[in-house]
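# Structural characterization, general
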Amino acid sequence: MPGVATGPEMSVRRLFSAKGLAELHQMVRAKPLLAFDFDGTLAPIVARPDDARVPAPTCRRLGLLAERLRLAVITGRTVSDVLPRLGFTPWQVIGSHGAEDPLDVRTADLAVALEPVRMQLDRHAGELQRAGVSIEDKGLSIALHYRLARDRDAAGRGIALALGGIGAHVTVSHGKMVVNVVPKAANDKAAALRVLLARAGTTRAIFVGDDVNDEPVFEAGEPDWLTIRVGATSAQTHARYFIESPLAMPRLLDELIAALEPGVAPDIA
């Protein structure tokens, strides 16, 4: 099952280049909103989602940045799940790929929209479990994980069968060994970012993400947004720039800190 965006070949450049760093520094001096995905971006992908944490070097840098700029997390996890995994205090967190906004009054209605999906998955629960698929109901989204399945192709077929004919009221997307179901009326990550920008009183944003559910932000291509994909290659994303992996995140964050204090090298282990 696909884990990257598809379509015509797109041109994405390495962030750690003269042009990329110059644009990054220029953007930071304009005091943008910083927004990050969690899994695969701030935290490396792990076999068991409950083991995911922000590594200490990344966490320390994020804490410094959060003292200077509005810093948000837009994640596929629930807000309550991701907060204790961060190790720093962000300005705001939006969960379930944009659907769970603690300040959005539509939350209860969106949760009800997934009831038919829950009923259908209940009917297929036995087959999915035997195929190595785990169902994670996040209230405002449902994730079907198959990273631990012995036969991932068979697990993918089982998920497709279980979700067959669920209707036009939900959106199904394929991530890294996971299939996500969200209400069609819910915000995606691009809409969530726009909400956060309005609250922050700015149009400028730096957004970093790694997966299909981050592509709506990359594809939006707003002129005041600098978008960075983690682990991308030239034909996989609409992001403007890419870095190789979450292991490069401390370097990216050091560049952000340096741009805030030109001429002062970050002293962070």
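Everything below is about the structure shown above.
The rules behind the values
Residues numbered from 1 in each chain as written. Predicted model: local features only at pLDDT ≥ 70, side-chain atom pairs only at ≥ 80, totals over all residues. Heavy atoms only, no water. Phe/Tyr/Trp six-rings, centres within 6.5 Å; stacked < 30°, edge-to-face > 60°. Lys NZ or Arg CZ within 6 Å of the ring centre and 35° of its normal. Pairing = 2+ DSSP bridges. Helix = DSSP H or I, 4+ residues; strand = E, 2+ residues; numbered from the N terminus. Axes fitted to C-alpha atoms, helices over the stretch in contact; angles between N-to-C directions. Contact = heavy atoms within 4.5 Å. Parallel < 35°, antiparallel > 145°, perpendicular 65-115°, else oblique. Left-handed = near helix turned anticlockwise from the far one by under 90°. Nonpolar A, V, L, I, M, F, W, Y, C, P; charged D, E, K, R; others polar. Buried < 20%, exposed > 50% of the residue type's maximum accessible area, 1.4 Å probe, protein only. Right-handed = clockwise from strand over helix to strand, strands pointing away.

### Focus: the packing of aromatic side chains
Here the structure, examined in full by the defined rule, presents one aromatic pair. Over the ring of Phe16 we find Arg251; its NZ or CZ atom is 3.9 Å from the centre of that ring.

### Considering the sheet that holds strand E8 (residues 178-183)
Spatial ordering of the open sheet is given by E5-E6-E8-E7, a layout of four strands whose pairing is antiparallel. Because the sheet does not close on itself, it has two edges, and the strands there are strand E5 (134-137) and strand E7 (170-174). Each adjacent strand pair in this sheet contributes to an overall mean axis angle of 15°, direction not counted. As paired elements, E7 and E8 share five bridges and run antiparallel to each other. In the strand pairing of E8, His174 is matched with Val179. On top of the sheet, helix H5 (residues 115-123) reaches E5, strand E6 (142-145), E7 and E8; it is set at about 30° to E6, its chief contact.

### As for the packing of helix H1 (residues 18-29) against helix H10 (residues 249-260)
The description of two packed helices rests on the angle between their axes and on the distance between the axes. Axis separation between H1 and H10 bottoms out at 8 Å; the angle between their running directions is 55°. The angle between H1 and H10 places the two elements in the oblique class. When the axes of H1 and H10 are compared, the crossing they make is right-handed. Together, Leu21, Leu24, His25, Val28 and Arg29 of H1 and Leu252, Glu255, Leu256, Ala258, Ala259 and Leu260 of H10 make up the contact between the two elements. Class assignment for the residues of the contact of H1 with H10 results in eight nonpolar, one polar and two charged.

### Focus: the pairing of strand E3 (residues 71-74)
Where burial is concerned, the two faces of E3 agree: the one with Leu71 and Val73 and the one with Ala72 and Ile74 are both buried. Bridge analysis of strand E2 (residues 33-36) against E3 gives three bridges, and the strand direction is parallel. Along E3, the bridge assignment pairs Phe36 with Val73. In this fold, E2 hands off to helix H2 (residues 56-66), which returns the chain to E3; that crossover is right-handed. Pairing analysis gives three bridges linking E3 to strand E4 (residues 92-94), with the strands arranged parallel. What sits directly across from Ala72, in E4, is Gln92.

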